[in-house]
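The lines below spell out each chain.
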2 protein chains.
Amino acid sequence: MKNRKIPLNLNCGLDLVGEVLYGKWKMRLLWFIKQGHKRPSELQRQIPDASRRVLNVQLKELEDHALISKVVYPVVPPKVEYSLTEFGESLIPVIGAIGEWGDRNEARLRSLILAKPVLDGEA
Amino acid sequence: MKNRKIPLNLNCGLDLVGEVLYGKWKMRLLWFIKQGHKRPSELQRQIPDASRRVLNVQLKELEDHALISKVVYPVVPPKVEYSLTEFGESLIPVIGAIGEWGDRNEARLRSLILAKPVLDGEA
DNA sequence: TGCATAGGGGATAAAATTATCCCTATGCAA
DNA sequence: TTGCATAGGGATAATTTTATCCCCTATGCA
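Residues numbered from 1 in each chain as written. Chains lettered and ligands numbered in written order. Predicted model: local features only at pLDDT ≥ 70, side-chain atom pairs only at ≥ 80, totals over all residues. Heavy atoms only, no water.

**Description of the pattern of salt bridges**
Enumeration according to the criterion identifies 14 salt bridges over all chains in this entry. When the shortest N-O distance is used, the salt bridge between B:Asp15 and A:Arg28 registers 2.2 Å. With B:Asp15 in helix H1 (residues 13–21) and A:Arg28 in helix H2 (residues 26–34), this residue pair bridges two chains. A salt bridge links A:Glu89 to A:Lys34; the shortest N-O distance between them is 3.0 Å. Linking A:Glu89 in helix H5 (residues 86–89) with A:Lys34 in helix H2, this pair joins segments that are 55 residues apart in sequence. Note on A:Glu89: relative accessible area 34%, which makes it partly exposed. (Salt bridge = Lys/Arg side-chain N within 4 Å of Asp/Glu carboxyl O. Helix = DSSP H or I, 4+ residues; strand = E, 2+ residues; numbered from the N terminus. Buried < 20%, exposed > 50% of the residue type's maximum accessible area, 1.4 Å probe, protein only.)

Here it is as structure tokens:
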């Protein structure tokens with residue numbers, strides 16, 4: 001989400017959403033924030049597969065896109081809390097729908113995804 | 001979607017959906033197929049920003065993930081038609097919801113996305 | 001033979017996204 | 001004085017994803 005060399009294409013709603021939601025951890029971040037995990041360290045605990053750095057970067061993008069807002073408390077040790085903006089809230093049902101579809105089809109998706117064409121031999 | 005070095009994480013529904021829907025043109029492909037644009041050349045016309053090759057690759061992945069099915073007619077010149085599987089159909093409402101949210105918030109999204117932090121100077 | 005059609009796909013380059021590493025700062029506890 | 005917790009960020013490497021290039025199939029027709 002830096003300066004792109006390939007021009008953005010923002011033709012339809014789908015493209016627009018992509019711009020703000022395309023990011024490996026973004027939907028999960030929004031979701032966990034919605035669940036009340038507001039502090040960076042909490043989010044990090046919820047999503048241990050991502051590094052702290054990466055979460056920061058994606059949180060920053062979500063913030064730039066006005067989906068979340070950030071409050072920095074001037075205390076030591078530092079304390080930061082994120083929360084959904086109204087705009088971000090409006091996206092929750094959509095994310096919910098995506099997640100539900102995934103949950104509903106979990107078994108099937110899992111097997112489809114793991115069913116790589118056999119030729120993975122590598123040890 | 002090749003052999004990954006970084007392990008997949010398939011913890012929740014959201015991750016699973018990501019695996020099959022994460023791809024720059026995938027949702028649009030599904031959407032256009034749903035609209036009745038079944039042949040590769042038609043899809044290409046609908047999505048001129050993507051090269052033929054790229055669409056083929058993504059179509060192949062959608063097919064591998066059982067969201068679409070492909071029929072090759074043994075005629076010359078070749079004729080191919082894609083259609084949504086039942087599984088793919090079940091995803092349409094979700095994609096619809098995403099697109100609607102995007103459409104509803106088009107103006108806002110557009111300005112947020114284009115409002116890069118000013119320091120893009122480049123000539 | 002040459003071209004058009006409709007579709008495929010390998011190899012490789014480029015771009016975008018993620019991950020890793022290391023460093024900053026404060027105040028308190030050992 | 002070192003260590004820990006909390007949060008942030010630059011630089012750079014690794015990975016993944018997209019794009020570009022070029023060539024191939026087969027038939028029918030000029």
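**What to know about the UniProt feature "domain: HTH hxlR-type" (unreviewed entry) in chain A**
Look at the UniProt record and you will see "domain: HTH hxlR-type" (unreviewed entry) annotated at residues 12–110 of chain A. The span residues 12–110 of chain A shows a helical share of 61% and a strand share of 12%, and its end C-alpha atoms are spaced 30 Å apart. (UniProt positions renumbered as here; feature names shortened; annotations may be inferred.)

**Quick notes on the packing of aromatic side chains**
This model, assessed by the stated rule, comprises three aromatic pairs over all chains. Considering the side-chain rings of A:Tyr22 and B:Tyr22, the 4.3 Å spacing of their centres and the 5° angle between planes classify their relative orientation as stacked. With A:Tyr22 in the loop between helix H1 (13–21) and H2 and B:Tyr22 in the loop between H1 and helix H2 (26–34), the pair connects residues from two separate chains. Residue classification places B:Tyr22 among the partly exposed residues on the basis of a relative accessible area of 30%. Taking NZ or CZ as reference, A:Lys79 lies 5.1 Å from the ring centre of A:Tyr73, over its face. One cation-aromatic arrangement involves B:Arg108 over A:Phe87; the distance from NZ or CZ to the ring centre is 4.1 Å. (Phe/Tyr/Trp six-rings, centres within 6.5 Å; stacked < 30°, edge-to-face > 60°. Lys NZ or Arg CZ within 6 Å of the ring centre and 35° of its normal.)

**Considerations on the relation of the copies chain B and chain A**
For the match of chain B to chain A, the screw axis carries a shift of 0.0 Å, the RMSD comes to 0.1 Å, and the turn is 180°. Such a combination of rotation and displacement between the chain copies is what one expects of a two-fold axis. Taken as a fraction of all interface residues of chain B, those also at the interface in chain A reach 100%, which identifies the copy contact as same-surface. (Least-squares fit on C-alpha atoms with pLDDT ≥ 70 in both. Contact = heavy atoms within 4.5 Å.)

**Topic: the interface of chain B and chain A**
Accessible area lost upon the coming together of the parts is a frequently used measure of interface size. Across the contact, 49 residues belong to chain B and 49 residues belong to chain A. Taken over both partners, the interface formed by chain B and chain A buries close to 4,400 Å², and the fraction arising from carbon and sulfur atoms is 67%. When the area that chain B buries against chain A is broken down by residue, the three leading residues are B:Leu14, B:Phe87 and B:Trp101, summing to 17%. Seen at the junction of chain B and chain A, the total is two salt bridges. The interface formed by chain B and chain A contains 13 residue pairs in polar contact (both at pLDDT 80 or more). The set of elements that each furnish at least two residues to the side of chain B that touches chain A consists of H1, H2, helix H5 (86–104) and helix H6 (106–114) of chain B. Among the residues forming the side of chain B that touches chain A, the class breakdown is 24 nonpolar, ten polar and 15 charged. (Buried area = accessible area lost by both parts, 1.4 Å probe. Polar contact = N/O pair within 3.5 Å; in protein donor to acceptor, adjacent residues only side chain to side chain. Nonpolar A, V, L, I, M, F, W, Y, C, P; charged D, E, K, R; others polar.)

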